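This is what each chain is made of:
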Amino acid sequence: MSEAIALPRLEEEAQPRPAVRRIVGLPRDAWPRILMPLIIGIVSLAAWEAAVRVNEVPPWIVPAPSVIWATLLRDWHTLSVSLWITLQITFAALAVAAGLGLVLAILFAQSKWIELSLFPYAVVLQVTPIVAIAPLIIIWVDDVRLALLICAWIVAFFPILSNTTLGLNSADHNLRDLFRLHRASRLQELLFLRLPAAMPLFLAGLRISGGLALIGAIVAEFVAGTGGRASGLAYRILESGYQLQIPRMFAALFLICMTGIAIFLVLGLVQHLVLRHWHESAIRREG
Amino acid sequence: MEKRFTNGTLALRGVDLDIGRGDFLSLLGPSGCGKSTLLRILAGLIEPSAGSLDWPTAVHDARGAAQPKLGFVFQEPTLMPWATALANVALPLRLEGMARSEREHRAATALARVGLAGFETAYPRALSGGMKMRVSIARALVTSPDILLMDEPFAALDEITRFRLNNDLLSIWQEAGFTVVFVTHSVFESVYLSERVVVMAARPGRVVREIAIEAPYPRDEAFRTSADYAALCRTVSQSLGEAIAA
């Protein structure tokens, strides 16, 4: 999808008005990318619907897609409130992970000693299963929302930290020599050389962390199991399970999936827009 | 201008060179003869382990250390892929803290000087190998250096592009009058370009012979096909052969 959105921009840059055949505003070769997965999706849903109806499977075992959709519309009010809460935690965690990951990576790039002393602890955070430490965090932190945020952050921040650290250290050696030759300060080297060089890896890390932040938020909510008005999608799934409201469980699951896909696509688009002028990953090869 | 140094390490031994202001000097030798090391010492990127560099004509800073104005051209174009040609050329001025409009004006002038007017907003990936090298040369020229250090700048280019860049480099040098120290492993290139060819040998890196190329400038394609040129190339090749055998 991200490519499908971005392709016309590249075409525009190459020539003022290229002779690319467009169908409903998209280049012709972009359509298979959209149509093929869509056809697979529709066929699968139809097969699912048919199987449930033919075999008369009760909705509390496997609900038909039509029932799930009807439930989604009926319970939209409750579900949308929960969706909003999950989104808030996810994006707050992602923002903190990006900010803190970037700052830590810059610190690591300044001194090998800081990196050597702190990096193992970042790995410890990364390899400790969040399900195992989430209960502790929820006990220690009074504010449940803050506890959830911390859990999601722990899961999300490592890819950004490790990618950005690698990126900051991967600036071209000759360019570094050039900066030295012109007596650049450390700040100048960081701003004009290391940070731009790290950008592709930072964005790749951000894209991984986007999905992880959502997973972290959901897992932490499961562990916390907080009820009441201010509860996210994970709690709706737990609640629906207890009440045997299986269609609603599926509807919440559907929303989580859609959120994950949306985060992935949006971050992919950001990546493309930032890198499209120069980085190999964002450049479409001609011919 | 005069500089001398001797480096006691394995890379270079007993190197003693005088380079005059405005000279065009080539360092020629097989790989591993330390010609790039020598250039990096000149650039101040590495310190000689023994001996010293004297810069009699350079401006000295408060502590008395020489601050020669250098331009350096690497073997690769070494451009920042995220920046336009103009921004790449303006980089040394930006590092000096020059105001944006002033540095962009100068960078545009430098780009025009290497024949790339109109390519200011192009990103490096959109440029050919020869054009990228021109941007790299423009970046080295933008500070109006006294000395231009070039480390096999045209080695990766095809012959036609290399000949054109040779000619353009010569005309810029004649016009501006800076000193050039040009590292190469091509006999033909060194003879065509320079006033003096310094032949070096490997293990340990040392100067074997200095050969003056006494052909008048401007040199052009007629010189490339002349008998003088062929004879000079033969002399330099022989010295290089001896240097490799030694």
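Residues numbered from 1 in each chain as written. Chains lettered and ligands numbered in written order. Predicted model: local features only at pLDDT ≥ 70, side-chain atom pairs only at ≥ 80, totals over all residues. Heavy atoms only, no water.

(A) Expanded view of the domain arrangement of chain B. Residue and element names in this part refer to chain B. On domain assignment, one finds that chain B holds domain 1 (20-46 + 61-69 + 145-246) and domain 2 (81-144). Once you take the C-alpha centre of each, domain 1 and domain 2 turn out to be 24 Å apart. Counting from both sides, the interface comprises 16 residues of domain 1 and, opposite them, 11 residues of domain 2. Summed over both partners, the interface of domain 1 with domain 2 comes to about 1,100 Å²; 67% of that surface belongs to carbon and sulfur atoms. (Domains from an automatic or database assignment. Contact = heavy atoms within 4.5 Å. Buried area = accessible area lost by both parts, 1.4 Å probe.)

(B) How the structure looks around the domain arrangement of chain A. What the domain assignment reports for chain A is domain 1 (1-57) and domain 2 (69-282). Computed from C-alpha atoms alone, the centre-to-centre distance between domain 1 of chain A and domain 2 of chain A is 28 Å.

(C) Layout of a nonpolar patch on the surface. All names here are of chain A. The grouping of Leu35, Met36, Leu38, Ile39, Ile42 and Val43 at the surface amounts to a nonpolar patch, some 570 Å² of accessible area in total. Following the sequence through the fold, Ile39 ends up in helix H2 (residues 31-54). Relative accessible area serves as the criterion here: at 45%, Ile39 is assigned to the partly exposed category. (Patch = residues over 30% accessible without salt bridge, like charges linked within 9 Å, V, L, I, M, F, W, Y side chains within 5 Å. Areas by Shrake-Rupley, 256 points an atom, 1.4 Å probe, with all protein chains shown as cover. Salt bridge = Lys/Arg side-chain N within 4 Å of Asp/Glu carboxyl O. Helix = DSSP H or I, 4+ residues; strand = E, 2+ residues; numbered from the N terminus. Buried < 20%, exposed > 50% of the residue type's maximum accessible area, 1.4 Å probe, protein only.)

(D) Quick peek at helix H5 (residues 112-127) of chain A. The terminal C-alpha atoms of H5 of chain A, which comprises 16 residues, lie 23 Å apart, in line with the 22 Å expected from a rise of 1.5 Å per residue. Two or three places before Trp113 of chain A, at the opening of H5 of chain A, Ser111 of chain A has a side-chain oxygen 3.0 Å from that residue's backbone nitrogen. (Expected span 1.5 Å × (residues − 1). Polar contact = N/O pair within 3.5 Å; in protein donor to acceptor, adjacent residues only side chain to side chain.)

(E) Seen up close, the interface of chain B and chain A. Taken together, the contacts link 21 residues of chain B with 20 residues of chain A. Interface area for chain B against chain A, summed over the two sides, is near 2,100 Å², with a carbon-plus-sulfur share of 66%. Among the residues chain B hides against chain A, the three largest losses belong to Trp82, Leu95 and Arg125 of chain B. Together they make up 35% of the total. Our count for the contact surface shared by chain B and chain A stands at one salt bridge. Linking Arg40 of chain B and Asp177 of chain A is a salt bridge whose minimum nitrogen-to-oxygen distance equals 2.6 Å. Between the two partners, chain B and chain A, sit four residue pairs in polar contact (both at pLDDT 80 or more). Elements that contribute at least two residues to the side of chain B that touches chain A include exactly strand E2 (70-73) and helix H2 (85-96) of chain B. No other element matches H2 of chain B, which puts four residues into the side of chain B that touches chain A. The residue inventory of the side of chain B that touches chain A, partitioned by class, reads 14 nonpolar, three polar and four charged. (Nonpolar A, V, L, I, M, F, W, Y, C, P; charged D, E, K, R; others polar.)

(F) Seen up close, the confidence of the model for chain B. Residues and elements named next belong to chain B. Here chain B averages 86 in pLDDT, while 91% of its residues score no lower than 70. Here helix H7 (residues 221-224) stands out as the least confident element of chain B, with mean pLDDT 84; H2 is the most confident, with 94. Model confidence for the complex: the whole-complex pTM is 0.83, and ipTM, which rates the interface, is 0.88. (pLDDT = per-residue confidence, 0-100.)

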